Amino acid sequence: MENKTKDSLSTLLIVILIIAVIISAYSLWKVNEIKGELSEQTEEKVEEEIEEEAEEEEIEEEVEEEENAKPEEDEKVFINIENSDNEPSFDKSKQTYYVTGEISPNCNEIFVDASNDGKNIDSDFKLKEFEAGDEEFVYRMKESFGNLENGDNVYTFTAFCDNGKTVRTDFSFSHQMAQINISSSGNKPEYDFSRDAYTINGDITNNCNEIYVDAKHESRVLDSQYKLKDFSTGDREFTYRMSE
């Protein structure tokens, strides 16, 4: 009886030990399985984070490329004539009218079209003294240049600038061609008793600056290049006196 009880206890202990081993093995397996799942989840999470970072970097690169692809704002371009309409400057030494202007430094060429009373008199004249980057320019007008006639003259200035930009401005000038006439009747001089001299009177357009007189008697020169001292620029009348 006693031996049988011992055998039962031994069998029970063996069963308990086996169960414990099984439970331990199962627990170890379960732990490893959980670790594996956690590891897989961690790897998946890491991969997801890497993919998200890569997507964010790609988006940032695309945004940067778009920003870089955006064209820079063009610099402002302009051209202006500094003279008021109908008031060109006059170069007395060259007997030439001229206008001055300002222009943005990103312009490269200036061309001028001139018309008189609607008729083209000079087209596509390039300002030769102007160079790319200049901020000022000068345009000269003279009858002998072929860009100035009697009446209303209109000048269109066209500037070609960077990035294909083009700007224009106009200047108008009403011009009266220089004229001089003797007003003394019958080309006969008048006698000025107070000065004891003969006088010749005349009228002249107000765009003249000086009057010179050459006097001859038959083939003999009496006076050469005599300048009328009483005449000033803008005068509309003049007087020339003669005396022995």
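Thresholds applied
- Residues numbered from 1 in each chain as written.
- Predicted model: local features only at pLDDT ≥ 70, side-chain atom pairs only at ≥ 80, totals over all residues.
- Heavy atoms only, no water.
- Helix = DSSP H or I, 4+ residues; strand = E, 2+ residues; numbered from the N terminus.
- Buried < 20%, exposed > 50% of the residue type's maximum accessible area, 1.4 Å probe, protein only.
- Contact = heavy atoms within 4.5 Å.
- Areas by Shrake-Rupley, 256 points an atom, 1.4 Å probe, with all protein chains shown as cover.
- Disulfide = S-S within 2.5 Å.
- Core = buried A, V, L, I, M, F, W, Y, C linked by side-chain atoms within 4.5 Å.
- Pairing = 2+ DSSP bridges.

**A few points about the overall build of the protein chain**
For the protein chain, the count of helices and strands is 1 helix and 14 strands. Here the protein chain, with 244 residues, has 22% of them falling under the buried criterion. For the protein chain, long-range pairs separated by at least 24 residues make up 58% of all intrachain contacts whose partners lie at least 6 apart in sequence. Roughly 18,200 Å² of accessible area belongs to the protein chain as shown, and the carbon and sulfur atoms make up 48% of that amount.

**Focus: the state of the cysteines**
Within the structure shown, the criterion is met by 1 disulfide. Disulfide pairing is shown between Cys-107 and Cys-161; the S-S distance is 2.0 Å. Its S-S torsion of about 75 degrees marks the bond between Cys-107 and Cys-161 as right-handed, since a negative value means left-handed. Of this pair, Cys-107 sits in strand S4 (residues 107-116) while Cys-161 sits in strand S7 (residues 151-161); the two residues are 54 residues apart in sequence, bridging distant segments of the chain.

**A look at the side chain of Thr-96**
Its location among the elements puts Thr-96 in strand S3 (residues 96-103). Taking relative accessible area as the criterion, Thr-96 reaches 3% and is therefore assigned buried. Apart from residues lying up to four places away in sequence, Thr-96 is in contact with Ser-89, Phe-90, Asp-91, Arg-140, Met-141, Lys-142 and Phe-145.

**Some details on the nonpolar core**
One finds Ile-110, Phe-137, Tyr-139, Met-141, Tyr-155 and Phe-157 to be the most contacted residues of the largest nonpolar core, which totals 23 residues. Every element with two or more residues in this core is listed here: strand S1 (79-81), S3, S4, strand S6 (136-141), S7 and strand S8 (166-175). If we skip the residues at most four places from it in the chain, Tyr-155 touches Val-112, Asp-113, Ala-114, Tyr-139, Met-141, Asn-147, Leu-148, Thr-169, Asp-170, Phe-171 and Phe-173. Membership of the second largest hydrophobic core comes to 9 residues, among which are Cys-208, Ala-215, Leu-228 and Tyr-240.

**Quick notes on unusual backbone geometry**
Most peptide bonds take the trans configuration, and most residues that are not glycine carry a negative phi. A positive phi angle, near 50 degrees, is found at Gln-95, a position not held by glycine. Relative to the elements of secondary structure, Gln-95 occurs in the loop between strand S2 (89-91) and S3. Judged by its relative accessible area of 40%, Gln-95 falls in the partly exposed class. In this structure, Asp-196 takes a positive phi of about 55 degrees despite not being glycine. Following the sequence through the fold, Asp-196 ends up in the loop between strand S10 (190-192) and strand S11 (197-204).

**Focus on the pairing of S8**
Residue alternation in S8 divides its side chains into a buried set, Val-167, Thr-169, Phe-171, Phe-173 and His-175, and an unburied set, Thr-166, Arg-168, Asp-170, Ser-172 and Ser-174. Across 10 bridges, the pairing between S7 and S8 is antiparallel. Residue pairing across strands places Phe-157 opposite Thr-169, the latter belonging to S8. Where S7 folds back onto S8 in an antiparallel hairpin, the turn is made up of 4 residues, including Asn-163, whose phi is positive at roughly 60 degrees.

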